[in-house]
Amino acid sequence: MKTIEGRLQVVLEVDAGEAGEGERAADVVTRYIREQYQALAAGDVSLRRGRDTVHPTRVATRRLRSTLRVFAAMFDLEAAGRLDEELAWYAGLLGQVRDRQVQRARFSAALAELPPEHILGPVAARIEARLLAEQAQHLAELMSALDSDRYRDLLSTVAAWVESPPLAPEADEDADHLLRLVGKARRRAVKRVKAALRGEPDAEPLHRARKSAKRARYAVELAAELLDESAAKSAIAFNTAVQDALGEHQDSVVAADLMRELGAQAGITPGENGFTFGLLYAREQAAAQRARETAQ
């Protein structure tokens, strides 16, 4: 079985198909921006109606930010920088909610796997109370932001980019130029993932490598129409390979930090103790180590 590093190398080295005759790189990128704007708009409506579309809306912001960074040479630098900053703000609001959703599901599953005699005290209640309260707080902040001038300006800006993006002269080149930028993003991702895996077991380099790999994956996704069918499938495999290892590592690190904090609190609370939190902490530490070993 190939390592994550080996699979990354294979997946990232996709073959280009034939670019559409007479098609500009700008045409391909603009279509992708339009798709993400539509996802943002749909997420806006659903969130206002009380539906949980935090995750797909967050993904749309990530795809837009990836486009601005990977294809930076095709845009006016100042305009792209301003939009990236505002998208980062909105993605941060969405991410605070989504992260709590993920952690709640993670700990619910973890506790279900522990023997009942190893669960001492109101462990599930303490974890759920903490994460649910934080989720509700961040959701309220998100909903408030939807009615802010800053958010309305963000949507208006993305809509304007759909109609008339601030393009640089390079955007008028043919679609082969776009494929060269995709290749550059792929090579950068491979380099960063390899470096992170070979360095000290530090969560931050692995997290940065994961983000670089995501940008490369979204770049391949954007250019899928210019790639052969096997390349499109490789993009999906790329996402799976990176998410399974580096994503699990990041989630485990965050979860372990929370268990250490809650365990310390339980240890000084009458009627509670930190035993089960210690077990969960050890479990997350082991999960992080396994994720890293899988990627070696």
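For the structure itself, look to the data block above.
A quick note: this is a predicted structure, and the numbers were derived from the prediction, not measured. (Residues numbered from 1 in each chain as written. Predicted model: local features only at pLDDT ≥ 70, side-chain atom pairs only at ≥ 80, totals over all residues. Heavy atoms only, no water.)

**Looking at the environment of Gly81**
Line of reasoning, step 1. By secondary structure assignment, the location of Gly81 is in helix α4 (residues 77–113).
Line of reasoning, step 2. Judged by its relative accessible area of 37%, Gly81 is partly exposed.
Line of reasoning, step 3. Taking the C-alpha atoms as reference points, Gly81 and Leu68, 13 residues apart in sequence, are found 8.1 Å from one another. (Helix = DSSP H or I, 4+ residues; strand = E, 2+ residues; numbered from the N terminus. Buried < 20%, exposed > 50% of the residue type's maximum accessible area, 1.4 Å probe, protein only.)

**Some thoughts on the packing of aromatic side chains**
Line of reasoning, step 1. Evaluation of the coordinates by the stated rule reveals 3 aromatic pairs.
Line of reasoning, step 2. Both rings, one in Phe75 and one in Trp161, keep their centres 5.1 Å apart while their planes meet at 55°; by these two values the pair is tilted. With Phe75 in the loop between α3 (54–70) and α4 and Trp161 in helix α6 (residues 149–163), this pair connects stretches of sequence that are 86 residues apart.
Line of reasoning, step 3. Taking 6.4 Å as the distance between ring centres and 40° as the angle between the ring planes, the aromatic pair formed by Trp89 and Tyr90 counts as tilted. (Phe/Tyr/Trp six-rings, centres within 6.5 Å; stacked < 30°, edge-to-face > 60°.)

**As for a positive patch on the surface**
Line of reasoning, step 1. Positive charge collects at one region of the surface, where Lys184, Arg187, Arg188, Lys191 and Arg192 lie side by side.
Line of reasoning, step 2. Mapping Lys184 onto the fold places it in helix α7 (residues 175–198).
Line of reasoning, step 3. The exposure class assigned to Lys184 is partly exposed, which follows from its relative accessible area of 46%. (Patch = residues over 30% accessible without salt bridge, like charges linked within 9 Å, V, L, I, M, F, W, Y side chains within 5 Å. Areas by Shrake-Rupley, 256 points an atom, 1.4 Å probe, with all protein chains shown as cover. Salt bridge = Lys/Arg side-chain N within 4 Å of Asp/Glu carboxyl O. Lys, Arg positive; Asp, Glu negative; His and termini not counted. Charge placed at Lys NZ, Arg CZ, Asp CG, Glu CD.)

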